[in-house]
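Report on the structure
Listed below, chain by chain, are the residues.
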Amino acid sequence: CDSFWDTVNAFRSLNGQPLLYGVGSDDTHYYLNRTPDQRLADAWVMVRSPALTAEALLGAMHAGDFYATTGVLLEDVAFSAADRTLRVKVAPEPGVTYRIRFVATKRGFDQTVRTVTCPAEKGRGARTIPVYSEDIGKTVSLVEGSAATYRMASDDLYVRAKIESSVPCGYTRHFHPDVKVAWTQPHGAA
């Protein structure tokens, strides 16, 4: 999911389009009579809002003042457009370690797209999948700890942070990270 998000935002940035925000959702379909493998609240968004009203929450979300998480809580996240700096501070839990990964795509990245053909299997038809360059969504800084800052380089199209904890996620289904994580919104070079 991270790679797909970075790919979309790399091309959107090149085309002068707004960056897409990331969200978290448990996508739960069963609230009653759940089976043991169906869990609630495996991902959600945390919104910085002046009030607990629909208007205030939606306004903050439209402004990108929220982050997605599977359990890592942030004390603060802020982007300064003036100095193109993303600051992240975790609300640390006792005994838990954190790693803050700043992710960006650089101007001039390889825009080549190759395809891989997957044969039909298990009731799913054959399909062709696009594969994009590894230049997209690279870690540009990795900080061990609960607070970090990254100042965008002149060739960064955008930057976002992925905060990884040492706590196992506990989910075995696809698309879940191995550990509890939070993702900040991407911020562009504009």
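Report on the accompanying structure. (Residues numbered from 1 in each chain as written. Predicted model: local features only at pLDDT ≥ 70, side-chain atom pairs only at ≥ 80, totals over all residues. Heavy atoms only, no water.)

Quick notes on the nonpolar core
Rules: What is meant by a nonpolar core is a set of buried Ala, Val, Leu, Ile, Met, Phe, Trp, Tyr and Cys residues, joined one to another through side-chain atoms within 4.5 Å. Buried residues are those whose accessible area, probed at 1.4 Å on protein chains only, stays under 20% of the maximum for their type, while exposed residues exceed 50% and partly exposed ones sit between those limits. Helix and strand assignments come from DSSP, with helices taken as H or I runs of at least 4 residues and strands as E runs of at least 2, each series counted from the N terminus. Contact definition: two residues touch when any of their heavy atoms are within 4.5 Å.
Counting 19 residues, the largest nonpolar core has Leu 74, Val 88, Ile 100, Phe 102 and Ile 163 as its most contacted members. Of all the secondary structure elements, the ones that give two or more residues to this core are strand 3 (74-80), strand 4 (85-90), strand 5 (98-106), strand 9 (147-151) and strand 10 (156-168). The residues contacting Ile 163, other than those within four sequence positions of it, are Val 72, Leu 74, Val 88, Val 90, Tyr 98, Arg 99, Ile 100, Lys 180, Val 181, Ala 182 and Thr 184. In terms of nonpolar packing, the next biggest core, distinct from the first, is built from six residues, Ala 10, Leu 19, Phe 109 and Leu 157 among them.

Some thoughts on the packing of aromatic side chains
Our working rule: Pairing of aromatic rings covers Phe, Tyr and Trp, the last through its six-membered ring, and needs centres within 6.5 Å; plane angles under 30 degrees mean stacked, over 60 mean edge-to-face, and all others mean tilted.
If you walk through the whole model with that rule in mind, you get four aromatic pairs. Aromatic pair Tyr 21 and Phe 66: ring centres 5.8 Å apart, planes at 80°, arrangement edge-to-face. Taken as a pair, Tyr 21 in the loop between helix 1 (2-14) and strand 1 (44-47) and Phe 66 in strand 2 (residues 66-69) lie far apart in primary sequence, 45 residues in all. Given the relative accessible area of 37%, Tyr 21 is considered partly exposed. Residue classification places Phe 66 among the buried residues on the basis of a relative accessible area of 5%. Both rings, one in Phe 102 and one in Tyr 150, keep their centres 5.5 Å apart while their planes meet at 25°; by these two values the pair is stacked. Remark: Tyr 150 occurs in strand 9 and Phe 102 occurs in strand 5; sequence separation between them is 48 residues.

Some details on the layout of surface pockets
This is how the line gets drawn: Both cavities and pockets are sets of points on a 1 Å grid over the protein atoms alone; in a cavity a 1.4 Å probe fits but cannot get out, in a pocket the set is open with protein on both sides within 12 Å along at least five of seven lines, and lining residues sit with an atom within 4 Å of a point. Grid points are joined across faces, edges and corners, and a volume is the space filled by probe spheres set on the points. When residues are sorted by character, Ala, Val, Leu, Ile, Met, Phe, Trp, Tyr, Cys and Pro go into the nonpolar class, Asp, Glu, Lys and Arg into the charged class, and all the rest, Gly among them, into the polar class.
Here the second largest pocket is characterised by a volume of approximately 360 Å³. Taken together, 23 residues form the lining of the second largest pocket, with Leu 19, Tyr 21, Pro 186, His 187 and Gly 188 sitting closest to its centre. Every element with two or more residues in the lining of the second largest pocket is listed here: strand 2, strand 3 and strand 12 (187-188). For the lining of the second largest pocket, the leading source of residues is strand 3, giving three residues. Along the lines of polarity and charge, the residues of the lining of the second largest pocket split into 13 nonpolar, seven polar and three charged.

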